[in-house]
Each structure stands twice: as C-alpha cells, then as structure tokens.
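# Architecture and fold: a report
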Amino acid sequence: MEGGFSKAAEKLFISQSAVSQSIKQLENSSRVKLFIRLPRSIKMTKEGEMLFEYVDTALSKIKAGEKILMDMASLKTGGVTVSSSDTFCMYLFPSLLENFSKSYPGIAMNIANKTSSETKELLEKGEADIGIINLYGKNYENLKIWKSYTINDCFIVKKGTLEELGKKRSVTEIAKLNHIMLEKGTSTRAHIDKYFMDYGVEIEAGIELGSVELLLKFASMGMGVSCIAREFLEKSAYNDKVDIVPVKTPVQQRSIGVVTLKGVPVSKAAEAFLRIIMEEE
C-alpha cells in the first residue's frame, strides 16, 4: 500500500486520475467501499484490507511463477520424461544421463520403461517428451526422428557349450536349437520371428522372458540360444560368458530412433537432453 493515489500513480507510471477512476470502478462493481478519503491521505476499509491480502497473495504467486519460468528457460530447473525399453535404459542411457545430470543438475529426469508401441502412445498423449523406440515394422509417420542407431542382432549360447563353434549355421540349423526369446508383443520379438519366417521356418520359444537382461542371463547359464543386439552384448556383464554363434545368413540390421511428436514444441529441458544425445559419438 503506497499511502496515496499519487504515489501509487508514480509507481505504476500512470496518472493519478487513472488510479482514482480504477478504484471507483472497482468500488461500484463490488458495491463495497474500499478506501476512506482523509484530508491528506487515504485509508483502507476492512473490506479493502481483506481484498488487499488476496491481491497481494496473487501477485506473489505470479512473481513466483515468473521466476520459475525464467529458471526453466535458463535450465536451472524443470523436468523431462523419456520413454524407452529396459534394453535401451540399461545400455544407452547411463552415459547420457551422467552427462546430462552433470550439465543440468537442477533438471529432474523421469524414465518410463515401456515398449516401442507404448512409448508412441505416451508421446501422443503428451505424457512423455522424448521416446527411444525400435523403428522396425511400425508406422511412425507422426514422429520426428532426431537420431538413429543401427544395431546388429546375433545368436548367443553359453561359452564353450556349442560344438564346432567356428562352423556357420544355416537358418534351419539355428531354428533347431532351444530358443530363449522375448515375449510376444515386442518389436524385437517380431523382428526375430520375421527372420525365421522369411526362410519358411517356424520356431517355438522354449523360454519366453520379459527383458533382454534375463535373455543374457539365461543364455549364459546354458538354457539355450538367444538373439541379442551385438551392441548391447558388448556393453553387458555377460559379454565374456557367452559365445556368438556364426550364421550363414545374418539377421537384418534394424534401427533405434530417438523421437518426439511432430508439430509439438519440446520443452527447454527436453531440448537440452536432445542436444546431449546429438553430441554423443
């Protein structure tokens, strides 16, 4: 409270009459007297004091909101949600998250562990900012691809268990082995199934599991053969516990994409995370 309309007018850079007119209009519309005019000053009525408390609180919240916006714009605070499968979370994210947290310690990172199809749905609902998905066999025309990674699938077994390891196996020979596979409904499983179907071979999974980490573990225990992206295998703790089975016909390469929803602006925090991804070798 400035103590008078003239002081308030100076602070607001408007005329005293403009302040007086605004107060008068407010009093007329509310049918409540807000100020008592004294000879050399003004004083708020009880009703005016009550209104002032609410207005002061509202202005404080507006100022706090403006500060938060400025902090978000300067990447001092904020948050970003990335949706990805557990495979990419385990083998692609660690170095990215380390670099991001060092560069932007005030930004919260939320990781949603979802399949590629579920990730696409989260992006479309606005519940995820960035997705990392398998680009195989799906319609992703409404997504913008910022970066893609090529991965090469290979068949693995427990180290030292396969006779004639140097011999290249045909698709039919590979199909006869006991298979440990991801459960149906994932893009990775569909990609491997198609590999066999393209050569007229159908396989039955001896064991179906829900994560690549379990595929690696079971294969390293000698439970059967599994198909794993070589790039992920090389970064895993199981790399020296399994052998790669040579094949005459390699599994077709596939791509992993870092995506956002087309036509939807990304937040400052999401932009920062995308920059980290784009700069990574």
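Rules used throughout
Residues numbered from 1 in each chain as written. Predicted model: local features only at pLDDT ≥ 70, side-chain atom pairs only at ≥ 80, totals over all residues. Heavy atoms only, no water. Helix = DSSP H or I, 4+ residues; strand = E, 2+ residues; numbered from the N terminus. Expected span 1.5 Å × (residues − 1). Buried < 20%, exposed > 50% of the residue type's maximum accessible area, 1.4 Å probe, protein only. Arc of directions from axis to C-beta. Core = buried A, V, L, I, M, F, W, Y, C linked by side-chain atoms within 4.5 Å. Pairing = 2+ DSSP bridges. Axes fitted to C-alpha atoms, helices over the stretch in contact; angles between N-to-C directions. Salt bridge = Lys/Arg side-chain N within 4 Å of Asp/Glu carboxyl O.

In this model, helix 2 (residues 16–30) (15 residues) spans 21 Å end to end at C-alpha, consistent with the 21 Å of a helix rising 1.5 Å per residue. Burial in helix 2 covers these residues: Val19, Ile23 and Glu27. Taken down its axis, helix 2 places every buried residue within 70° of arc, on the same side. The exposed residues of helix 2 that point more than 90 degrees off its buried face are Gln25, Asn28 and Ser29. Note on helix 2: the residue one or two positions beyond its end, Arg31, has a positive phi of about 60°.

Residues Val80, Phe100, Ile130 and Ile132 are the most contacted members of the largest nonpolar core, which totals 25 residues. When residues of this core are traced back to their parent elements, those giving at least two are strand 3 (78–84), helix 4 (86–91), helix 5 (93–103), strand 5 (130–134), strand 6 (143–151), strand 12 (254–261) and helix 11 (268–279). When residues in this core are grouped by element, the largest group, seven residues, is from helix 11. In terms of nonpolar packing, the next biggest core, distinct from the first, is built from 17 residues, Val157, Ile174, Cys227 and Val251 among them.

As summarised here, the arrangement of the five strands in space is 9-8-10-7-11, forming an open sheet in which the pairing is mixed. One side of each edge strand has no neighbouring strand; the edge strands of this open sheet are strand 9 (205–209) and strand 11 (242–245). Across the sheet, the mean angle from the axis of one strand to that of its neighbour is 40°, orientation sign disregarded. Sheet analysis places strand 7 (residues 153–158) next to strand 10 (residues 225–229), joined by four bridges and oriented antiparallel. Along strand 10, the bridge assignment pairs Ile156 with Ser226.

In this section: the pattern of salt bridges. Taken as a whole, this structure holds nine salt bridges when the rule is applied. Where Asp243 meets Lys159, a salt bridge forms, and the shortest distance between an N and an O atom there is 3.3 Å. One end of the pair, Asp243, is in strand 11; the other, Lys159, is in the loop between strand 7 and helix 7 (171–175), and 84 residues separate them in sequence. According to the relative accessible area criterion, Lys159 is partly exposed, its value standing at 47%. Of the charged contacts in the structure, one is a salt bridge between Arg189 and Asp193, with a shortest N-O distance of 3.1 Å. Of the two residues, Arg189 and Asp193 are both situated in helix 8 (residues 187–197); the distance of four residues between them amounts to about one turn of the helix. Of the two residues, Arg189 and Asp193, neither departs from the other in class, the shared state being buried. Connected via shared salt-bridge partners are Lys184, Arg189, Asp193 and Glu208.

Strand order in the open sheet made by the five strands is 4-3-5-12-6, with mixed pairing throughout. Looking along the sheet, the strands with just one partner apiece sit at the ends: strand 4 (107–113) and strand 6. Neighbour-to-neighbour, the strand axes of the sheet open up by a mean angle of 20°, direction not taken into account. As defined by bridge partners, strand 3 adjoins strand 5 across three bridges and the pair is classed as parallel.

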